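Structure assessment
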Amino acid sequence: MEVAGLLVAFGPPGACLLSLWNRPQLQIVAVSSAFVFIVAQLVAAIAWIAIPPLYDIKPFHLVVRVAVLEAFRYLFFKLYRRVELEYSVRNTTVTIYPLQDISSSLVAGLSFGIMHSVMFYGMTLQRSLDRATLFSPSCPQMSVFTLFAWLALLFEALHAFLM
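Calculation criteria
- In this convention, every chain numbers its residues from 1, walking through the sequence in written order.
- Totals for whole chains, interfaces and linings use all residues, but because this is a predicted model, local features are given only for residues with pLDDT of at least 70 and pairs of side-chain atoms are given and counted only at 80 or more.
- To obtain the side-chain values, all non-hydrogen atoms of the structure were included, while hydrogens and water were left out.
- Secondary structure elements follow DSSP: runs of H or I no shorter than four residues count as helices, runs of E no shorter than two count as strands, and numbering proceeds from the N terminus.
- Relative accessibility decides the category of a residue: with a 1.4 Å probe and only protein chains considered, values under 20% of the type maximum give buried, values over 50% give exposed, and everything between is partly exposed.
- For this analysis, residues touch if any pair of their heavy atoms sits within 4.5 Å.
- The method behind every accessible area is Shrake-Rupley, applied with a 1.4 Å probe, and residues are considered shielded solely by the protein chains displayed.
- Interaxial angles span 0 to 180 degrees and are taken between N-to-C directions of axes, which are lines fitted to C-alpha atoms, for helices over the stretch in contact.
- Any angle that falls under 35 degrees is termed roughly parallel, while one over 145 is termed roughly antiparallel, one within 65 to 115 roughly perpendicular, and all others oblique.
- Put simply, a crossing is left-handed when the front helix is turned counterclockwise from the back one by less than a right angle, and right-handed when it is turned clockwise.
- Side-chain classes follow a simple rule in which Ala, Val, Leu, Ile, Met, Phe, Trp, Tyr, Cys and Pro form the nonpolar group, Asp, Glu, Lys and Arg form the charged group, and the remainder, Gly included, forms the polar group.
- Only Phe, Tyr and Trp rings are paired, with Trp represented by its six-membered ring, and only when their centres lie within 6.5 Å; those with planes under 30 degrees apart are stacked, over 60 edge-to-face, the remainder tilted.
- For this analysis, a nonpolar core means a set of buried residues of the types Ala, Val, Leu, Ile, Met, Phe, Trp, Tyr and Cys, connected via side-chain atoms within 4.5 Å.
- Counted as salt bridges are all cases of a side-chain nitrogen of Lys or Arg within 4 Å of a carboxyl oxygen of Asp or Glu.
- The patches reported here contain residues having more than 30% relative accessible area and no salt bridge. Joining distances are 9 Å for like charges and 5 Å for nonpolar side chains (Val, Leu, Ile, Met, Phe, Trp, Tyr).
- Residue count minus one, scaled by 1.5 Å, sets the expected span of a helix.
- Pairs of N or O atoms are called polar contacts if they sit within 3.5 Å, as long as, within protein, a hydrogen donor faces a hydrogen acceptor (for residues adjacent in sequence, only side-chain-to-side-chain pairs).
- The predictor attaches a confidence to each residue, called pLDDT, with possible values from 0 through 100.

Okay, the overall build of the chain next. Summing up its helical and strand segments, the chain has five helices and two strands in all. Within the chain, the fraction of its 163 residues that count as buried is 34%. Excluding contacts between residues fewer than 6 apart, the proportion of contacts in the chain whose partners are at least 24 apart in sequence is 76%. Here the chain displays about 10,400 Å² of accessible surface, and carbon together with sulfur accounts for 74% of that area.

Geometrically, a packed helix pair is captured by the angle between its two axes and the distance between the axes. Here helix α2 (residues 24-50) crosses helix α3 (residues 58-90) at 150 degrees, and the two axes come no closer than 9 Å. It follows that α2 is roughly antiparallel to α3 by the angle criterion. Crossing hand, α2 versus α3: right-handed. Among the residues forming the contact of α2 with α3, the class breakdown is 17 nonpolar, five polar and two charged.

Before going further, it helps to spend a moment on the packing of aromatic side chains. Taken as a whole and judged by the stated rule, the model has two aromatic pairs. Between the aromatic rings of Phe37 and Phe112, the centroid separation amounts to 5.3 Å while the plane-to-plane angle is 75 degrees, which identifies the pairing as edge-to-face. Of this pair, Phe37 sits in helix α2 while Phe112 is found in helix α4 (residues 102-127), placing the two residues 75 residues apart along the sequence. Judged by its relative accessible area of 0%, Phe37 falls in the buried class. A relative accessible area of 0% places Phe112 in the buried class.

Leu17, Val29, Val68 and Val107 are the most contacted members of the largest nonpolar core, which has 23 residues in total. At the level of secondary structure, the elements contributing two or more residues to this core comprise α2, α3 and α4. With eight residues, the single largest contributor to this core is α2. Excluding residues that lie within four positions of it along the chain, Val68 makes contacts with Ala40, Val43 and Ala44.

Applying the stated criterion to the full structure yields one salt bridge. Across the pair Arg73 and Glu70 runs a salt bridge, and its minimum N-O distance is 3.1 Å. One end of the pair is Arg73 and the other is Glu70, both in helix α3 and three residues apart, which spans about a single turn.

A cluster of nonpolar side chains, contributed by Leu151, Leu154, Phe155, Leu158 and Leu162, occupies part of the molecular surface with about 420 Å² of accessible area. Along the chain, the position of Phe155 falls in helix α5 (residues 144-162). Residue class for Phe155 comes out partly exposed when judged on its relative accessible area of 30%.

Given a rise of 1.5 Å per residue, 19 residues ought to cover 27 Å, and the 26 Å separating the end C-alpha atoms of α5 matches this to within 8%. Buried within α5 we find Val144, Phe145, Ala149, Ala152, Leu153, Glu156, His159 and Ala160.

This brings us to the side chain of Ser104. Mapped onto the elements, Ser104 comes out in helix α4. Judged by its relative accessible area of 4%, Ser104 falls in the buried class. Within the local environment of Ser104, its side chain forms a polar contact with the side chain of Tyr80, the two groups lying 2.7 Å apart.

Of the residues in the chain, 85% have a pLDDT of 70 or more, and the chain-wide mean is 79. In the model of the chain, strand β1 (residues 135-136) stands out as the element of lowest mean pLDDT, 67, in contrast to α2, which has the highest, 86.

This is the structure we're talking about:
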């Protein structure tokens, strides 16, 4: 069951990422995008911890987390455009590099999404190593692990399209 969930959650984006992994510029984009996602989650957690009266207001926490994530996505985009401009100025050949086509945005979005899924699905996957199967009251036909695997895949697609 765990292997099937892992294949659903990480199979399609992992295959797309690995098919584009042969270019060093795209590897740098993927690693930096994943790093920016982790830093965004860290800043959102610090913002939540810094304001103790807001512990009980869950919608505020979600709004702050999404706002911080999207601000860091925009910051990554601005930084990416700046690096792309510097790279194109220093390179005098006419060839198109991976920083100027759709593959770079796809790699950035997929690595953003994969890091989100690792954080989202990883906690659930750890609990799936026990003998019992968890079910959600809102969806008793499907186990929580299968449901979270499909949700992780949808979040990866969302991040890929948003980048």
